[in-house]
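Below are the chains, spelled out letter by letter.
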Amino acid sequence: MTEYEAASLAVQQAALAAQQAAIWVAAAVGAAQCSLIGVGLYIMRRASIQRDAMLQETMKALDSQHRETMASLESRHRKTMKALENQNNAMMELIRRTSAPSAQGDG
């Protein structure tokens, strides 16, 4: 083997080693990127689960408040309607008592 062939072979081996090193570096970078993406997705999923749990708690609290408010409003509505009914009965009795005697017999 001539000196030129030996040098050429050495250069080719060095180039091959550099290409192999580049492949391993690219693989390591790709693996690191995939790992970072995987960790990011895991963190996002955990945050989503926590947010869903908080939303469920908030919805339960709001539902409970809504039920209490509606019960209170229903009770107040019944009281108001009873008061209006009593007022109506009183007004009807007042009209009956103050109407003209001829109008009482007609009705």
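Residues numbered from 1 in each chain as written. Predicted model: local features only at pLDDT ≥ 70, side-chain atom pairs only at ≥ 80, totals over all residues. Heavy atoms only, no water.

Student: Can you explain the overall build of the protein chain? Please cite residues and give values.
Tutor: Within the protein chain, the secondary structure is distributed over two helices and zero strands. Since a compact globule built from 107 residues should have a radius of gyration of about 13 Å, the 45 Å found for the protein chain marks it as more spread out than a globular shape. In the protein chain, buried positions account for 1% of the 107 residues. A total of about 9700 Å² of accessible surface is found on the protein chain, and carbon and sulfur atoms cover 63% of it. Each charge class in the protein chain can be summarised by its mean position, and for the 11 positive and 10 negative side chains these summaries are 16 Å apart. (Helix = DSSP H or I, 4+ residues; strand = E, 2+ residues; numbered from the N terminus. Rg over C-alpha atoms; globule rule 2.2 N^0.38 Å. Buried < 20%, exposed > 50% of the residue type's maximum accessible area, 1.4 Å probe, protein only. Areas by Shrake-Rupley, 256 points an atom, 1.4 Å probe, with all protein chains shown as cover. Lys, Arg positive; Asp, Glu negative; His and termini not counted. Charge placed at Lys NZ, Arg CZ, Asp CG, Glu CD.)

Student: Can you tell me about the pattern of salt bridges, naming the residues and giving the values?
Tutor: Pairing between side chains becomes possible if they bear opposite charge and their charged atoms approach one another. Applying the stated rule across the entire model yields four salt bridges. The partner of Glu74 in a salt bridge is Arg78, and the shortest N-O contact between them spans 3.0 Å. Note that Glu74 and Arg78 are positioned in helix α1 (residues 3-98) at a spacing of four residues, about one turn of the helix. Classification of Arg78 as exposed rests on a relative accessible area of 51%. Taking the shortest distance from any N to any O, the salt bridge between Glu93 and Arg96 comes out at 2.5 Å. Here Glu93 and its partner Arg96 are both found in helix α1, three residues apart, which amounts to about one turn of the helix. (Salt bridge = Lys/Arg side-chain N within 4 Å of Asp/Glu carboxyl O.)

Read these as layout, nothing more, since geometry by itself doesn't imply function.
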